2 protein chains.
Amino acid sequence: MNNQLASKAEAIRMLQERDINPTQQRIVIAQLLFARPQHMSAEQVLMNVQDSGVHVSKATVYNTLSLFAEKGLVKEVIVDPTKVFYDSNIVPHHHFFNIDNGQLSDIDDASLQLQAMPQLPDGTQLDGVDVIIRVRGQQQAQA
Amino acid sequence: MNNQLASKAEAIRMLQERDINPTQQRIVIAQLLFARPQHMSAEQVLMNVQDSGVHVSKATVYNTLSLFAEKGLVKEVIVDPTKVFYDSNIVPHHHFFNIDNGQLSDIDDASLQLQAMPQLPDGTQLDGVDVIIRVRGQQQAQA
DNA sequence: TTAACTCTTTAGAAAGAGTCTATTTCCCAT
DNA sequence: ATGGGAAATAGACTCTTTCTAAAGAGTTAA
Ligand SMILES: [Mn+2]
Ligand SMILES: [Mn+2]
Ligand SMILES: [Zn+2]
Ligand SMILES: [Zn+2]
C-alpha cells in the first residue's frame, strides 16, 4: 500500500547536505521517510524498514530519528501522549489530530495564521509554534 | 513554597457541580489542583498529596485525573513527550513551553488569536485547538 | 596488510509513565 | 448490624524510549 522509496542517491544527497555520515541504516531510513511528506512513529519506521529486508535495530531507529531531528531533516510532533511522530515535511505547517483514530494530518498553511506573536517570557527565545486542532469522528484506526 | 490548598468545602462543591462523588481522595486532589491555576503532572500530584499526609495510591491519582479531565474540571496538556500535564485553568488559553527547563506557562488569551478556523477533515467535529509556543533559554528546571 | 582509531550499530537490560487486575476498603441504605 | 455497589489499593504489567557494553565498519597511517 505504501512501498515506494526515495532513491538511494537522493537520500544520500539529503544526508550529506546536513553533514550526516550516510551509513547503510541512515540511508534506508531516509529513503523511507523522504519518499513523500508523512508522519511516522519510531515503531512504524522500524517495521517498514525491516519489511524492506534491511536489518536495523530499534536503538538505531531511535538514534537516527533523533539525529535527523537535530539536523533539521525531520520535525518531532508531540500530540499523542503515547508516542512521538516524526514529520518528514519540514515546511512550516500545523496539524489536525483525530483523537478517535490517532490520525495526524497537515493543515494547509494558507488557511491558518496567527494574528500576532505574543511577547515571549523574559530571557527566552522563540523555538517554534505548534498549532494542533483536535478533532473527533470517523472510523477507528485501520492499522 | 506552594503549600496552600483550596478549602475542603470549595473542593466538594466543585466536584458535586460536575456529578463527581466527593471521596476523600478526590477531595484532597481537588484541593491541591484548585488552590490556584496551575499545571501539574500525575507524579507531582502524587507527591504533593502524600506530603500533605493523606495516603493516596498512584492508581487513584491517575484514575482521578482522568475522571477530572473527562468531567471538564481539568484539561490535559500534551507538550512534553515524557508526561502529561493537567491544567487546573480551564478557561480557554494557550501555552508557552520552555524546552530547556520543561516549564509550562499560560499565554494571555488576548495576545493570541487564530485568524480563522480551517475547514476540518470530512466527517470530523472540532474538539479543541492547542497552540504551543516553544521557547528556549533560562535556567534548567529547579526541581 | 595490518594496526589503530573513530564512528556506528547492535542486543538486550533498564528506566519511566501509564494501565490493569484482583482484592480490600469505604460508604450508605436497609 | 449487614449487604452491596463504588472507589481505592498494591503491585504486576505494558509500552515507549534510553542506556550500556560489546561488536562491526570504515579510514587512515605505518
Ligand atoms: Mn504514556
Ligand atoms: Mn515516552
Ligand atoms: Zn505534518
Ligand atoms: Zn494553562
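Residues numbered from 1 in each chain as written. Chains lettered and ligands numbered in written order. Predicted model: local features only at pLDDT ≥ 70, side-chain atom pairs only at ≥ 80, totals over all residues. Heavy atoms only, no water.

Visitor: What is the right way to read the environment of A:D127 from this model?
Guide: Inspection of the secondary structure puts A:D127 in strand β6 (residues 125-136). Classification of A:D127 as partly exposed rests on a relative accessible area of 38%. For the pair formed by A:D127 and A:A42, sequence separation is 85 residues and the distance between their alpha carbons is 23 Å. Beyond its immediate sequence surroundings of up to four residues, A:D127 is in contact with B:I99, B:R134, B:V135 and B:R136. (Helix = DSSP H or I, 4+ residues; strand = E, 2+ residues; numbered from the N terminus. Buried < 20%, exposed > 50% of the residue type's maximum accessible area, 1.4 Å probe, protein only. Contact = heavy atoms within 4.5 Å.)

Visitor: Could you clarify how one ought to interpret helix α2 (residues 24-33) of chain B in this entry?
Guide: Structural remark: α-helix, 3.6 residues per turn; residues separated by three or four positions point the same way. Burial analysis of α2(B) places seven of its ten residues in the buried class, which makes it a mostly covered element. Buried residues of α2(B): B:I27, B:V28, B:I29, B:A30, B:Q31, B:L32 and B:L33, and no others.

Visitor: How should the interface of chain B and chain A be read in this particular structure?
Guide: One frequent convention defines the size of an interface as the accessible area lost when the parts assemble. On the chain A side, the residues contacting the 38 residues of chain B number 38 residues. On the chain B side of the interface with chain A, the three residues burying the most area are B:I78, B:R134 and B:R136, jointly 19% of the side's total. At the boundary of chain B and chain A, one finds four salt bridges. Counting every contact that joins chain B to chain A gives 14 residue pairs in polar contact (both at pLDDT 80 or more). (Buried area = accessible area lost by both parts, 1.4 Å probe. Salt bridge = Lys/Arg side-chain N within 4 Å of Asp/Glu carboxyl O. Polar contact = N/O pair within 3.5 Å; in protein donor to acceptor, adjacent residues only side chain to side chain.)

Visitor: Help me out: how do you make sense of the pairing of strand β4 (residues 94-98) of chain B in this one?
Guide: Every regular strand shows the same layout, with side chains that alternate between the two sheet faces. Residue and element names in this part refer to chain B. Burial analysis of β4 places five of its five residues in the buried class, the great majority of the element. The alternating pattern of β4 places H94, F96 and N98 on one face and H95 and F97 on the opposite face, and all of these are buried. In this structure, β4 lies alongside strand β5 (residues 104-107), joined through four bridges in antiparallel fashion. By the bridge assignment, F96 is partnered in β5 with S105. Connecting β4 to the antiparallel partner β5 that follows it, the hairpin turn spans five residues, and G102 within it adopts a positive phi of roughly 75°. Across four bridges, β4 lies against strand β6 (residues 125-136) in parallel orientation. When the sheet's bridge partners are listed, F97 is paired in β6 with R134. (Pairing = 2+ DSSP bridges.)

Visitor: Can you walk me through the domain arrangement of chain A in this structure?
Guide: Residues and elements named next belong to chain A. Segmentation of chain A into domains returns domain 1 (8-85) and domain 2 (91-135). Between the C-alpha centres of domain 1 and domain 2 there is a distance of 23 Å. Counting from both sides, the interface comprises seven residues of domain 1 and, opposite them, ten residues of domain 2. Carbon and sulfur atoms supply 64% of the area buried between domain 1 and domain 2, which totals about 640 Å² over both sides. (Domains from an automatic or database assignment.)

Visitor: Whenever I open this one, the coordination of the zinc ion (ligand 4) confuses me. Can you help?
Guide: For a metal with four donors in a tetrahedral arrangement, the ideal angle between donors is 109.5 degrees, while six donors in an octahedron ideally sit at 90 or 180 degrees. All names here are of chain B. Protein-derived ligands of the zinc ion (ligand 4) are H39 (NE2), D87 (OD), H93 (NE2), H95 (NE2) and D106 (OD), with the metal-ligand distances lying across 2.0 to 2.2 Å. Mapped onto the sequence, the donors of the zinc ion (ligand 4) take the spacing H-x47-D-x5-H-x1-H-x10-D. Here D87 matches H93 in class, with each residue buried. (Donors = N, O, S within 2.8 Å, 3.2 Å for Na, K, Ca; no water.)

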